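# Notes for the structure review
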Amino acid sequence: MSFLSKVSVRSPWLYRINAGSCNGCDVELATTALIPRYDVERLGCQYCGTPKHADIVLITGPLTARIKDKVLQVYQEIPDPKVTIAVGICPISGGVFRDSYAIEGPIDKYIDVDVNIPGCPPRPQAILEGIAMAIEIWKQRL
Ligand code: SF4
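In what follows, the accompanying structure is described. (Residues numbered from 1 in each chain as written. Predicted model: local features only at pLDDT ≥ 70, side-chain atom pairs only at ≥ 80, totals over all residues. Heavy atoms only, no water.)

A few words on helix H2 (residues 24-34). Every buried residue of H2 is listed here: Cys25, Asp26, Glu28, Leu29, Thr31 and Thr32. In this structure, the buried side of H2 is in contact with strand S1 (13-18), strand S2 (46-47), strand S3 (56-60), strand S4 (83-87) and helix H5 (124-141). (Buried < 20%, exposed > 50% of the residue type's maximum accessible area, 1.4 Å probe, protein only. Helix = DSSP H or I, 4+ residues; strand = E, 2+ residues; numbered from the N terminus. Contact = heavy atoms within 4.5 Å.)

What follows is the structure, encoded as structure tokens:
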């Protein structure tokens, strides 16, 4: 394990990609960032503002045709080893937007997903559990 890996093992950065979500899942992600009761920082991680710093990426939304190329471009900017979480039923199966002409998802057609968090939207507790699972996967990849 490199020096950088050793010092970062307890403090992964989270990064959020909105792939055409209705914002319901994003509100729940904001809950885990802003509401003390569901504070994700207790797991040792924090949201960051740039893909280049990210370790764990949370993707919301069904991957619309309009935004697909941008989503894949930003995803490629996240350095390995990264762990990917699909948040909500939309990135997992298309959810209520399934079979729409405007949808290119599910997201795993283009991106390897490590953790699925179903729900529409998932509860903050489920999101915290999914992030805890992702942290364990991330530690194994370091
Ligand atoms: S899973 Fe539900 S809440 Fe989340 S983006 Fe899709 S429709 Fe919105």
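Taken together, the neighbourhood of the ligand is formed by Ser21, Cys22, Gly24, Cys25, Gly88, Ile89, Cys90, Phe97, Gly119, Cys120 and Pro121. Elements supplying a minimum of two residues to the shell around the ligand: H2 and helix H4 (89-93). Split by residue class, the shell around the ligand holds seven nonpolar, four polar and no charged. (Near = heavy atom within 4 Å. Nonpolar A, V, L, I, M, F, W, Y, C, P; charged D, E, K, R; others polar.)

A separate point is a nonpolar patch on the surface. A surface patch of nonpolar side chains, amounting to about 370 Å² of accessible area, comprises Phe3, Leu4 and Val7. With respect to the helices and strands, the residue Leu4 is situated in helix H1 (residues 3-8). (Patch = residues over 30% accessible without salt bridge, like charges linked within 9 Å, V, L, I, M, F, W, Y side chains within 5 Å. Areas by Shrake-Rupley, 256 points an atom, 1.4 Å probe, with all protein chains shown as cover. Salt bridge = Lys/Arg side-chain N within 4 Å of Asp/Glu carboxyl O.)

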